[in-house]
Amino acid sequence: MYLLIVFLPLLGSSVAGFFGRFLGSEGTAIMTTTCVSFSSILSLIAFYEVAPGASACYLRIAPWISSEMFDASWGSVFDSPTVVMLIVVTSISSLVHLYSISYMSEDPHSPRFMCYLSIPTFFMPMLVTGDNSLQLFLGWEGVGLASYLLIHFWFTRLQADKAATKAMPVNRVGDFGLAPGISGRFTIFQTVDFSTIFARASAPRNSWIFCNMRLNAITLICILLFIGAVGKSAQIGSHTRSPDAMEGPTPVSASIHAATMVTAGVFMIARCSPLFEYPPTALIVITSAGAMTSFLAATTGILQNDLKRVIAYSTCSQLGYMIFACGISNYSVSVFHLMNHAFFKALLFLSAGSVIHAMSDEQDMRKMGGLASSFPLTYAMMLMGSLSLIGFPFPTGFYSKDVILELAYTKYTISGNFAFWLGSLSVLFTSYYSFRLLFLTFLVPTNSFGRDRLRCHDAPIPMAIPSILLALGSLFVISRRRPAASLPLSNFWANSPFVLPKNEILAESEFAAPTITKLIPILFSTSGASLAYNVNPVADQFQRAFQTSTFCNRLYCFFNKRWFFDQVLNDFLVRSFLRFGYSVSFEALDKGAIEILGPYGISYTFRRLAERISQLQSGSVYHYAFAMLLGSTPFVTFSRMWDSLSSWVDSRSSFILIVSSFLNNKSSQE
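Residues numbered from 1 in each chain as written. Predicted model: local features only at pLDDT ≥ 70, side-chain atom pairs only at ≥ 80, totals over all residues. Heavy atoms only, no water.

In the annotation of an unreviewed UniProt entry, the entry for the chain reads NADH-ubiquinone oxidoreductase chain 5, and the organism field reads Cocos nucifera. Annotation of the chain in UniProt includes, under Function (unreviewed entry), the sentence "Core subunit of the mitochondrial membrane respiratory chain NADH dehydrogenase (Complex I) which catalyzes electron transfer from NADH through the respiratory chain, using ubiquinone as an electron acceptor. Essential for the catalytic activity and assembly of complex I." (UniProt positions renumbered as here; feature names shortened; annotations may be inferred.)

**Some points on the overall build of the chain**
Regarding its fold elements, the chain presents 27 helices and four strands. Across the 670 residues of the chain, 52% fall into the buried class. Pairs at least 24 residues apart make up 80% of the contacts formed inside the chain by residues separated by at least 6 positions. Accessible area of the chain: about 30600 Å², with a carbon and sulfur share of 67%. (Helix = DSSP H or I, 4+ residues; strand = E, 2+ residues; numbered from the N terminus. Buried < 20%, exposed > 50% of the residue type's maximum accessible area, 1.4 Å probe, protein only. Contact = heavy atoms within 4.5 Å. Areas by Shrake-Rupley, 256 points an atom, 1.4 Å probe, with all protein chains shown as cover.)

**A word on the UniProt feature "signal peptide" (unreviewed entry) in the chain**
Here, UniProt's "signal peptide" (unreviewed entry) annotation points to residues 1-16. Across residues 1-16, the secondary structure splits into 94% helix and 0% strand, with the terminal C-alpha atoms separated by 23 Å.

**As for the side chain of S334**
Structurally, S334 can be placed in helix 14 (residues 331-358). For S334, a relative accessible area of 1% corresponds to the buried category. A polar side-chain atom of S334 sits 2.8 Å from the main-chain carbonyl oxygen of M322. (Polar contact = N/O pair within 3.5 Å; in protein donor to acceptor, adjacent residues only side chain to side chain.)

**Comments concerning the pattern of salt bridges**
Per the stated rule, a full pass over the model turns up six salt bridges. Between R309 and E247 there is a salt bridge whose closest N-O contact spans 3.6 Å. Taken as a pair, R309 in helix 13 (residues 307-327) and E247 in the loop between helix 8 (241-244) and helix 9 (250-259) lie far apart in primary sequence, 62 residues in all. Judged on exposure class, the residue R309 and its partner E247 are both buried. With a closest N to O distance of 2.9 Å, D364 and R366 form a salt bridge. Judged by relative accessible area, which is 15%, D364 ranks as buried. Residue classification places R366 among the partly exposed residues on the basis of a relative accessible area of 42%. Among the charged side chains, a salt-bridge network with shared partners connects E141, R172 and D175. (Salt bridge = Lys/Arg side-chain N within 4 Å of Asp/Glu carboxyl O.)

Structure follows, in structure tokens:
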């Protein structure tokens, strides 16, 4: 049963890929959706068997690589974090598959789309169930490949080509950290098996001084692993690919940004918590990077006009919360927020897809407005998702986001306070752009084309059912009590996300944090909503005020152009690498030294030599006679001089020397 959870999506994807032209659009949709749905049901059964009693299940499937001390086998581990991730991945993927049946019904290539959509649902369970680093890395690369295929689905669109091409090298940047991190773990622990590595993590290791900081091997490995998480989970620096991924179909955005690829980095850090707990420097780096990502993405989203890009930046911001929750050693709360975020973020994307689908693929919010009467169900669904996103009391987002901020405050460190205040300000901006999205899309006077208004309609039944189920998940996915009193302090997680006793502060955040500290996120969320309510109904006057003021105009451009991150990266990094790749790697090496010293140089030398020799072939008989005379002269001269030279040369000894040397060479070769 446990293995079917992983391999059923692969079966559906393979059947859709190989037999899609025979099954047709409906057949492939039914096949892939059925396989993923059965996988979701089996995940619920596995959750029931594993999680309540914290009884992990270990499966050793088959040997894979065995070479002296190196041993890597196909194996799976099903513990509490794994089954939680399996429920998130398979349930949301099944709902996205069901939604895609209607959303992609008019696309002629829908069998190929359904084949691609099942690929991350196979690789992500492989990643989360792997019991060694190599199996995790295989799933890691698989979800990256799946994201490229899905973003590049509409390959005739130039922007989709650019977005997919950009996603691959950004993922490679993360792999540049993860692969050396895995190699470093094998170098130190002589194994890639998680249980062995975690059991030996507390042993002291060698250290050295770097930039006036003492770093040990575990610190370096954890920072390398975190670089891998930065590339996969869209943290600061690699977050620029996340909004570009919106060029794919909307179900792709829901699958990638809610359940599969972007959550891989967070889960990898939570899985490797026994390593991350010992180097405090690595935890400080993780906390700071996560806090800066949440703030950067939240401030970027406030002035974006593309409906899906606003939600994409909210994904980056929420991933920042999850990362810095891991940085303050609360991995279970991070996975808890990941689970809640998956439901309301998938709800927001699918609701946005319903609007875009009905508005003739229009994504600019400035060309919408007044759609609440035409989309009452979609408006209600997006309102529920937005309330959960901003941490409004009682939806699921409130129970996880507020706990993360309280934990950051009660950490009582510089990095903890830094994360708390940046995270609290991010709540303000998140609330503002969430309600700005609602106002511009549904409530302000209409600004859409008449033909779109006449043809627009609310989501059909196959698209409405997944949205309703996700809305229920966004409201009631977990116990309505505070999580400090339910999940994280119970025996649910057992010891899977390992936390050192000195870093355990969950009880203190619940009972010792000041009341005003607990109220700050709620105050900021209501303030952001009020600001959006007062500004967006008079958006034209507000924008004119920005345009007339020089400072405000520059501030507007700064946030609207995404902090100029893309321009800075293109000017200082991308162009330098492209220039190096063309001038040095291509011209000087590939087309230069390698070809001159390699096949091109050898062929050119022999060709020129043949041309020189061919010039001797003149076709004149006397030239040939002269050549024969020159060739025979040394031979005749040597034969005539042999009588005088034979007294100095013993022919028998020469023969013996030649034969013995031949036999020695033959014996040495054998």
